[in-house]
Amino acid sequence: MILPKANRLTAEQLAEISRIVEDFGCRIQPIVGAVRTIYAIVGDEREELMIDRLEGLGYIDRVDKIQSPHKLMDRRSDLATHRITVGGITLGTELLIIAGQCTIDPKNPQLFYETAQAVKEAGAQVLRGGVWKPRTNPYAFQGDVKSLDILLEAHRRTGLPVDAEVMDEQQLKLALDAGVHMLQIGARNALNYSLLRAAGRAVAERDTVVLLKRSLHMGPLNEFISAAEYIVSFGNPNILLCPRGTSPTLDGYRNHPDESITPLLKEKTWAPVVVDPSHSVGKATYVPACALAAVAYGADGLCIEAHVSPSQGIGDDPKQALTPAALALTIRQAKQIWTLRHPVKVP
Ligand code: PEP
Ligand code: MN
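Conventions adopted
- Residues numbered from 1 in each chain as written.
- Chains lettered and ligands numbered in written order.
- Predicted model: local features only at pLDDT ≥ 70, side-chain atom pairs only at ≥ 80, totals over all residues.
- Helix = DSSP H or I, 4+ residues; strand = E, 2+ residues; numbered from the N terminus.
- Rg over C-alpha atoms; globule rule 2.2 N^0.38 Å.
- Buried ≥ 20, exposed ≤ 12 C-beta atoms within 10 Å, placed from the backbone.
- Near = placed C-beta within 6 Å.
- Nonpolar A, V, L, I, M, F, W, Y, C, P; charged D, E, K, R; others polar.
- Pairing = 2+ DSSP bridges.
- Right-handed = clockwise from strand over helix to strand, strands pointing away.
- Domains from an automatic or database assignment.
- Axes fitted to C-alpha atoms, helices over the stretch in contact; angles between N-to-C directions.
- Parallel < 35°, antiparallel > 145°, perpendicular 65-115°, else oblique.
- Left-handed = near helix turned anticlockwise from the far one by under 90°.
- Contact = placed C-beta atoms within 7 Å.
- Arc of directions from axis to C-beta.
- Expected span 1.5 Å × (residues − 1).

Q: Explain the overall build of the protein chain residue by residue, including any values.
A: On a plain count of helices and strands, the protein chain comes out with twelve helices and 14 strands. Since a compact globule built from 347 residues should have a radius of gyration of about 20 Å, the 21 Å found for the protein chain is in line with a globular shape. By principal-axis analysis of the C-alpha atoms, the protein chain measures approximately 65 × 50 × 40 Å. Per-residue burial over the protein chain gives 48% buried out of 347 residues.

Here's what the structure looks like:
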């Protein structure tokens, strides 16, 4: 990582350092943060001669070598000062709530509009809605591109930024072109490296936020953090890490709840953690406790499935979705735990 003396390199300076690193098989990836631009050396940055040449340039302060498989996501990275803001919330300063239906029913847009309004009134700042759905059963409803219009209409009606999962490059393009604010990479695709790369490339020049779920089968934390590094290495550092339960399941729950990994993630990476209690436990009655536990473990946000009338829902909604009243109560209680964990510091 190259730290210039000024906050940004000029085009000529960038061209000069690019020429130097290219001689050593590397390239420069600028990553525009909220405060400053970070210049990551992509490739093996340990070559002494390359570092000497870079540090010899008058406008370079120093070259940081972080010996980490995820040097941009690492807590010691210069990106650690980057702050992500979405729905008016700067992650880390206030609890972020993403809520909405698992699946938008294209035959019943009205229900989604009502859910959107209800989650807003309950205190959510981002509206989620499944357009395309990864389904275990190939004959189950797979989602419908028509739901993209419904999602964006709900955004216009409520003013809430919207989040939807994408599973391939075509969906990525459609969602971004439509103006989706937050892209979700789901648990099944968190190990799909070509999709991670495509997502990184697609959001590189935008301020889109990516919500990266933890794969059902991810073990070591480095695997999760490195998946995020794939996306961030293309230049957009707006990434949220989302534990959502893993396999094998805990008898009685849909998955093995993993909100307890939050403090471990925070020791290794600066990225905000947004826990999804809905897919973790898989049943509406268990979701509030899991959500509160997540905040107690230090989560920066929650992603909760909610529906104005769960019994009329499709996908996961009949089983998992909270009613607006249950969501409002969970948000209130989650904020109380947040306040306990973030006492106001008296100077
Ligand atoms: C979802 O958010 O509805 C979903 C399918 O999530 P996951 O990828 O965590 O299973
Ligand atoms: Mn779901």
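We are not done yet, so read on.
Q: Can you lay out the site of ligand 1 for me, pointing to particular residues and giving the numbers?
A: The full set of residues close to ligand 1 is Cys102, Gly130, Pro134, Glu165, Gly186, Ala187, Arg188, Lys213, Arg244, Asp276, His279 and Asp316. Broken down by class, the residue content of the shell around ligand 1 amounts to three nonpolar, three polar and six charged.

Q: With reference to specific residues and values, describe the pairing of strand 11 (residues 209-213).
A: Among the five residues of strand 11, five are classified as buried, and the element is accordingly described as predominantly covered. In strand 11, alternate side chains face the same way, and those of Val209, Leu211 and Lys213 on one face and Val210 and Leu212 on the other are all buried. Of the strand pairs in this sheet, strand 10 (residues 182-185) and strand 11 are connected by four bridges, and their pairing is parallel. Opposite Met182, over in strand 11, you have Val209 as the bridge partner. Chirality of the crossover, the property in question, places the unit of strand 10, helix 6 (residues 193-203) and strand 11 among those that are right-handed.

Q: Would you mind going over the domain arrangement of the protein chain in detail, with residue names and values included?
A: The assigned domain composition of the protein chain is domain 1 (2-65) and domain 2 (85-341). Just the C-alpha atoms count here: the centres of domain 1 and domain 2 sit 35 Å apart. If you list the elements that add at least two residues to the side of domain 1 that touches domain 2, you get strand 2 (27-32) and strand 3 (37-42). Residue contributions to the side of domain 1 that touches domain 2 peak at three residues, all from strand 2.

Q: Can you break down the packing of helix 3 (residues 109-122) against helix 12 (residues 324-341) residue by residue, with the values?
A: With their axes 9 Å apart at the nearest point, helix 3 and helix 12 run at an angle of 25° to one another. Overall, the two elements helix 3 and helix 12 adopt an arrangement that is roughly parallel. Remark: the crossing between helix 3 and helix 12 carries right-handed chirality. Taking contact as the criterion, the partners of Ala118, Val119 and Ala122 in helix 3 are, on helix 12, Pro324, Leu327, Ala328 and Ile331. Residue composition of the contact of helix 3 with helix 12, grouped by class: seven nonpolar, no polar and no charged.

Q: Could you give me a rundown of helix 5 (residues 169-178), with the residues and numbers involved?
A: Those residues of helix 5 that sit buried are Gln171, Leu172 and Ala175. Projected down its long axis, helix 5 carries its buried residues within an arc of 105°, all on one side. Those residues of helix 5 that are exposed and aimed more than 90 degrees away from the buried face are Gln170 and Asp177. Buried residues along helix 5 sit in contact with helix 4 (146-158), strand 9 (162-165), strand 10 and helix 6. Two residues or fewer past helix 5, Gly179 is found with a positive phi of approximately 105°.

Q: Help me get a handle on helix 4, residues and values and all.
A: Given a rise of 1.5 Å per residue, 13 residues ought to cover 18 Å, and the 19 Å separating the end C-alpha atoms of helix 4 matches this to within 8%. For helix 4, every residue scored as buried is listed here: Ser147, Leu148, Ile150, Leu151 and Ala154. What you see down the axis of helix 4 is that its buried residues fit within an arc of 165°, all on one side. Seen from the buried face of helix 4, the exposed residues on the opposite side, beyond 90 degrees, are Lys146 and Arg156.

Q: Tell me about the environment of Ala122, and name the residues and values.
A: Along the chain, Ala122 turns up in helix 3. Taking the C-beta count within 10 Å as the criterion, Ala122 has 22 such neighbours and is therefore assigned buried. Remark: the alpha-carbon pair of Ala122 and Leu327, spanning 205 residues in sequence, is separated by 6.4 Å. The residues contacting Ala122, other than those within four sequence positions of it, are Ala99, Pro324, Leu327, Ala328 and Ile331.

Q: Just give me the short version of the packing of helix 5 against helix 6, but keep the residues and values in it.
A: Packing of helix 5 against helix 6 brings their axes to within 10 Å, and their N-to-C directions diverge by 25°. As summarised for this structure, helix 5 and helix 6 are arranged roughly parallel, according to the angle between their axes. The way helix 5 lies across helix 6 gives a crossing that is right-handed. Where helix 5 approaches helix 6, its residues Glu169, Leu172, Lys173 and Leu176 are matched on the opposing element by Ala198, Ala199 and Ala202. Of the residues that constitute the contact of helix 5 with helix 6, the class distribution is five nonpolar, no polar and two charged.

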